[in-house]
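Each chain, written out:
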Amino acid sequence: MAALPPFEHTPIEGIADTVKTIRTSFLSHKTRPLEFRLVQLRKLYWGLKDNEALVMEACKRDLGKSSFETYLTELSWCMNDIVFMSNNLARFAKDEAPEDIAFTNKLFGPRIVKDPLGTALIIGAYNFPIQLSLGPFIGAIAAGCTAVLKPSEGSPYAAAVMQKIIAESLDPSCYTCVQGAVPETSALLDQKWDKIFYTGSVGVGTIIAKKAAETLTPVVLELGGRNPAIITKNADPRLAARRLLWAKTLNAGQVCVSQNFTMVDKEMLQPFIKEMKNALQEFYPQGARKSPDYGRIVNLRQFQRLKKMVDDSNGKIVVGGTMDEADLFIEPTVVLVESTDDSMIRDESFGPLLPILAVENLDEAIKIANEVHDTPLGLYPFGTKAEMEKVLAQTRSGGASLNDGYFHASIPTLPFGGVGSSGSGAYRGKASFEVFTHRRSVTKTPAWIEGMLDVRYPPYTLKKQKK
Ligand code: NAD
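Remember, predicted model here, so these are calculated numbers, not experimental data.

Draft legend 1. Looking closely at the overall build of the chain. On a plain count of helices and strands, the chain comes out with 17 helices and 18 strands. For a compact globule of 467 residues, the expected C-alpha radius of gyration is about 23 Å, and the chain comes in at 25 Å, within 12% of that figure. Overall size of the chain, expressed as C-alpha extent along the three principal axes, is 80 × 60 × 40 Å. The contacts in the chain between residues at least 6 apart in sequence include a share of 70% that link residues at least 24 apart.

Draft legend 2. Structural view of the pairing of strand β8 (residues 259–265). Burial runs high along β8: 7 of the 7 residues are buried. Sheet analysis places strand β7 (residues 227–231) next to β8, joined by 5 bridges and oriented parallel. Bridging across to β8, Asn-227 finds its partner in Gln-259. In this fold, β7 hands off to helix α9 (residues 237–249), which returns the chain to β8; that crossover is right-handed. Judged from the 4 bridges that link them, β8 and strand β13 (residues 353–359) form a sheet pairing that is parallel. For Met-263, the partnering residue across the bridge sits in β13 and is Leu-357.

Draft legend 3. Inspection of the nonpolar core at higher detail. Within the largest apolar cluster, 123 residues are counted, with the highest numbers of intra-cluster contacts made by Ala-147 and Met-162. Excluding residues that lie within four positions of it along the chain, Ala-147 makes contacts with Ala-120, Ile-122, Phe-137, Ala-140, Ile-141 and Tyr-175.

Draft legend 4. Up close: helix α3 (residues 52–63). Here α3 contains 12 residues, and its C-alpha end-to-end distance of 16 Å stays within 8% of the 16 Å for a straight helix at 1.5 Å per residue. Buried residues along α3 sit in contact with α2 (34–50), α4 (67–93) and α6 (156–169).

Conventions we followed
Residues numbered from 1 in each chain as written. Predicted model: local features only at pLDDT ≥ 70, side-chain atom pairs only at ≥ 80, totals over all residues. Helix = DSSP H or I, 4+ residues; strand = E, 2+ residues; numbered from the N terminus. Rg over C-alpha atoms; globule rule 2.2 N^0.38 Å. Contact = placed C-beta atoms within 7 Å. Buried ≥ 20, exposed ≤ 12 C-beta atoms within 10 Å, placed from the backbone. Pairing = 2+ DSSP bridges. Right-handed = clockwise from strand over helix to strand, strands pointing away. Core = buried A, V, L, I, M, F, W, Y, C linked by C-beta atoms within 7 Å. Expected span 1.5 Å × (residues − 1).

What follows is the structure, encoded as structure tokens:
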């Protein structure tokens, strides 16, 4: 295997010129032909394929991800997106016949043309460093935009591998990667963009949205979670425990869409805790720490934040709890908390912490869900069909998986996004094309129709007004 490329900050003084090149290429119409976009997508596919081993190694170094997880949630994820996009691009890009057009207006041949928005800035997060960066990037290429990717500096190995793949595979006048943290991202935000696609925390999302507002640049914000799960007295505790534990052990719980806390009907509390213990034992018979399938916390800062969250909690650890700073290891940890004021419910953990709160009944769970965060990214009820539908009907969220943890987010062609303060805009599948596309309404007025149009020209005589 080739050596991992180094992560190097892009010199700030060159950023404006880099963006200018990428913008000039868009204005040269180079990315308009579908054939050009398809070639770029194909090259990106092979760039990923050829660098599979490096991607695996990078994700291992950054997040302790197992090769299986990296393959499933990063590599094949992006490669399948490319195949899907390539197979469907001609259909997505075709002019569309608008609906609800009156017969007389059809004479003007109204249609919707799929125009690329222009030059896009894509800012990625660290937890799924490849998919959260290249996912939207694939959409931008398909839509005919030129684009700059700013991967998260939190996963520097993956960021450097992506830069290598982009530089080696794609047209450098149209697509590039800028590396860095706040100063470099701020320099990027000072440039003119036609779309900014941001994935990350609510706090930084607010900074991005404010900055974009100065130039009326449209933004997509894929933001933080604080997602509730609800277990009613009629749920299957074993099934709920296995599914929710999986949702908090994949990527060591560093998943925006995983449950942040679980409300459990008081009758189901003990069976659920018991099944959580069983599930943990089944997933990791030798313990999570020794398992090659369990990842690590991305860095010391995040480790300490998570540790503090547990330390500050008034809850009682009922499963797990082992931590090792030297190894950035946090065992999947179930904490029985007593109030919604607890730090573990109030704040987004974004790690393998599973606070559970006993509730009287489903109505109380719904009330608390709406109070803690009225527009979370995801929502996960477990119970009877009627109970789960009731939860859907009485809450809001970006997406929801009934009877599971974030299954909806794993369907590659289902639009994914938040609502309210969990984000705006969606992507994946056709939505990835649409999010970088302007639907341009076009008509063409035939010359022969001039006689019929006479009515619109002044003078507005009485005769015309009676027509
Ligand atoms: P982050 O907000 O710290 O960083 C994300 C990106 O923003 C990075 O590329 C970073 O360089 C840049 N950035 C950071 N500070 C900045 C500033 N002051 N000005 C400009 N740019 C800045 O997020 P993170 O720590 O990488 O990810 C964790 C958060 O992201 C969690 O809240 C999680 O829920 C959320 N997230 C959301 C999704 C989603 O799809 N909705 C996916 C993954 C993560």
